[in-house]
Amino acid sequence: MKIDRRRLEQTIEELSRLGETANGGLTRLALSDDDRRARDRVVEWMRTASLAVRVDRMGNIFGERAGTAPLPSVMMGSHLDSVPTGGRYDGQLGVLCALEAIRTLDDHRVRTRHPVTLVVFTNEEGARFQPAELASGVMAGKIPLEDAYNARDKDGVRLVDELERIGYLGPEPCAARPLRAYLELHIEQGPLLEEAGCSVGVVEGIVAISWSRVRIHGTQDHAGPTPMRTRHDALVAAADIVAGVRRMAKEIIGGDMVGTVGNLTVSPNIVNAIPGTVTLSIDVRDPSDATLDRALPMIERVVQDACEREGVRWELQHYWRVPYTPFDPLVVDTIERAARTAGARSRRLRSGAGHDAQYMATLGPAGMVFVPSRGGRSHCEEEFTPLDDIEYGANTLLLAAAELARGE
Ligand code: GLV
Ligand code: MN
Ligand code: MN
């Protein structure tokens, strides 16, 4: 049994037009009009494949292909939202390969004992509403529904209002569902598979992630008459924090730790005023929870030192944490076997990016299939995965899902 490469290619091409950027990337922020259009298209495809479509209170979409027995589902899927000027693979590829796997089961009239369900998660990226993986987090009971509803984008718009506006505030409870297994295909977003000449990555686990927010209160004043000696510049303290986070990750802790300040909001953000307030994000990740635990007090120290040097006030909040997530050994083995049967060269690896599979792994056995990212690049318009590798990945997903859905 093999997926239909041309059909998959056409489906990817078609969906990639929704939110397409001038350089062939994708800007499809969660719950935007382009996200709605992409959702509508996928729901249409689900219905054409005779899947029973349901939407929950977080806007997660489920398309169920019935099994022959009332058993827990094998779920497959990913997300349709993207980062701004992102690529056309992160997220939607996992949804479309899962759809192609289901279409292939239909082509071959395969009956499975367990239902097979295609899932689309809301707001995986955390680009518009924080934190990331918000809707799978609610589903797993790790994030209260109220907190998710009240998450606001940079313009102050609430997530729940956008869900309603685009017509995806569904009636179903956003809660754990009986789960035989959860499988997610995704691009690697790192260089290992390409370097090893492998088409498929068998993911053993996902690093621990922590997100923090710092608000710095300096003194807004005129850029001309204010002498350097009297200034309290929020952006100078922020710059010091940027450098400090990098030093901590790279030199003080080192190893596999990574640390990023990716978002700065500067006020009033004009040429001739000393910045009065700055908000910045800190993202730190490591395979070891203990190392991440060690990093948080160091971040506090970096922030305190930088702000005291500049004579500014600050607030620091560690608002999101996901522990290291090992995937289920039996699912990992099943994926590895499926890759071999599909004729793919594969290797095992760990994910440095977060995925909804992290929260799904708290609800049942989970695993991920990676396909290579050219140059290791992602979260950018240059994101690219060759179709040959996508085909191997999709066949691996199909065979793993079929095996897990067939058994008791
Ligand atoms: C999701 O893309 C993440 O790893 O932050
Ligand atoms: Mn993703
Ligand atoms: Mn992403």
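Residues numbered from 1 in each chain as written. Chains lettered and ligands numbered in written order. Predicted model: local features only at pLDDT ≥ 70, side-chain atom pairs only at ≥ 80, totals over all residues. Heavy atoms only, no water.

Caption draft 1: Local environment of the side chain of aspartate 286. Within the fold, aspartate 286 resides in strand β12 (residues 277-286). It turns out aspartate 286 is buried and unbridged, and the closest side chain with the opposite charge, arginine 350, is 7.4 Å from it. One polar contact links the side chain of aspartate 286 to the main-chain amide nitrogen of methionine 257, over a distance of 3.1 Å. With near-sequence residues (within four places) excluded, aspartate 286 lies in contact with Val207, Ala208, Asp256, Met257, Thr291 and Leu292. (Helix = DSSP H or I, 4+ residues; strand = E, 2+ residues; numbered from the N terminus. Buried < 20%, exposed > 50% of the residue type's maximum accessible area, 1.4 Å probe, protein only. Lys, Arg positive; Asp, Glu negative; His and termini not counted. Salt bridge = Lys/Arg side-chain N within 4 Å of Asp/Glu carboxyl O. Polar contact = N/O pair within 3.5 Å; in protein donor to acceptor, adjacent residues only side chain to side chain. Contact = heavy atoms within 4.5 Å.)

Caption draft 2: How the structure looks around the packing of helix α8 (residues 234-253) against helix α9 (residues 289-310). One way to put it is that α8 packs onto α9 with a least axis distance of 9 Å and a crossing angle of 150°. When you trace α8 past α9, the crossing you get is right-handed. Counting all contacts with α8, which are made through Val236, Ala237, Asp240, Ile241, Gly244, Val245, Met248, Ile252 and Ile253, the residues of α9 involved are Thr291, Arg294, Ala295, Met298, Ile299, Val302, Val303, Ala306, Cys307, Arg309 and Glu310. A per-class count over the contact of α8 with α9 returns 14 nonpolar, two polar and four charged. (Axes fitted to C-alpha atoms, helices over the stretch in contact; angles between N-to-C directions. Left-handed = near helix turned anticlockwise from the far one by under 90°. Nonpolar A, V, L, I, M, F, W, Y, C, P; charged D, E, K, R; others polar.)

Caption draft 3: Highlighting the site of ligand 1. The environment of ligand 1 is formed by Glu124, Glu125, Trp211, Arg285, Ala353, Gly354 and His379. At 2.8 Å, a side-chain N or O of arginine 285 approaches an oxygen atom of ligand 1. Contact between ligand 1 and histidine 379: an oxygen atom at 3.4 Å from a side-chain N or O atom of the residue. Calculation on ligand 1 without its partners gives an accessible area of 200 Å², and the protein chains cover 93% of this total. Of the residues in the shell around ligand 1, the class split is two nonpolar, two polar and three charged. (Near = heavy atom within 4 Å. Areas by Shrake-Rupley, 256 points an atom, 1.4 Å probe, with all protein chains shown as cover.)

Caption draft 4: Main features of the packing of aromatic side chains. Taken as a whole and judged by the stated rule, the model has three aromatic pairs. Seen from their ring centres, phenylalanine 121 and tyrosine 182 are 6.0 Å apart, and the 65° between their planes marks the pair as edge-to-face. Placement of the pair is phenylalanine 121 in strand β4 (residues 116-121) and tyrosine 182 in strand β5 (residues 179-187), with a sequence separation of 61 residues. Residue classification places phenylalanine 121 among the buried positions, given a relative accessible area of 1%. A ring pair is formed by tryptophan 211 and tryptophan 320, whose centres lie 4.8 Å apart and whose planes are at 75°; its orientation type is edge-to-face. Note that tryptophan 211 is positioned in strand β7 (residues 208-217) and tryptophan 320 in strand β13 (residues 313-322), a separation of 109 residues in sequence. Using a relative accessible area of 13% as the deciding quantity, one classes tryptophan 211 as buried. In this arrangement the basic side chain of arginine 39 is found over the ring face of tyrosine 168, its NZ or CZ atom lying 4.9 Å from the centre. (Phe/Tyr/Trp six-rings, centres within 6.5 Å; stacked < 30°, edge-to-face > 60°. Lys NZ or Arg CZ within 6 Å of the ring centre and 35° of its normal.)

Caption draft 5: Representation of the state of the cysteines within the structure. A complete count under the given rule lists zero disulfides for this structure. The thiol of cysteine 380 is not disulfide-bonded; the next cysteine sulfur, from cysteine 97, is found 19 Å away. Overall, the relative accessible area of 9% leaves cysteine 380 in the buried class. (Disulfide = S-S within 2.5 Å.)

Caption draft 6: Looking closely at the packing of helix α1 (residues 5-16) against helix α12 (residues 387-406). The interhelical angle for the contact between α1 and α12, taken along N-to-C directions, is 110°, at an axis separation of 11 Å. Judged by the inter-axis angle, α1 sits roughly perpendicular to α12. Between α1 and α12 lies a crossing whose hand is right-handed. Mapping the contact onto sequence places Arg5, Leu8, Glu9 and Ile12 in α1 and Leu387, Asp388, Ile390, Glu391 and Ala394 in α12. Of the residues contributing to the contact of α1 with α12, the split by class is five nonpolar, no polar and four charged. (Parallel < 35°, antiparallel > 145°, perpendicular 65-115°, else oblique.)

Caption draft 7: Seen up close, the coordination of the manganese ion (ligand 3). Looking at the metal site, the manganese ion (ligand 3) is ligated by Asp90 (OD), Glu125 (OE), Glu125 (OE) and His379 (NE2), spaced 2.1 to 2.3 Å from it. The motif formed by the donor residues of the manganese ion (ligand 3), counted along the single chain, is D-x34-E-x253-H. Between the two metal centres, the manganese ion (ligand 3) and the manganese ion (ligand 2), the spacing is 3.5 Å, with aspartate 90 acting as a shared donor. Pair noted here: aspartate 90 is in the loop between β3 (73-79) and α3 (92-107) and histidine 379 is in the loop between β16 (366-371) and α12, with a separation of 289 residues, a long-range link. Residue aspartate 90 is classed as buried on the basis of its relative accessible area, which comes to 5%. The exposure class assigned to histidine 379 is partly exposed, which follows from its relative accessible area of 41%. (Donors = N, O, S within 2.8 Å, 3.2 Å for Na, K, Ca; no water.)

Caption draft 8: Quick peek at the pairing of strand β2 (residues 61-65). The buried fraction of β2 is high, at four of five residues. The hairpin formed by strand β1 (residues 52-55) and β2 contains five residues between the paired strands, and glycine 59 there has a positive phi angle of roughly 80°. Inspection of the sheet shows β2 paired to β4 by five bridges, in the antiparallel sense. What sits directly across from phenylalanine 62, in β4, is valine 119. (Pairing = 2+ DSSP bridges.)

Purely geometric stuff here, so don't read any function into it on its own.
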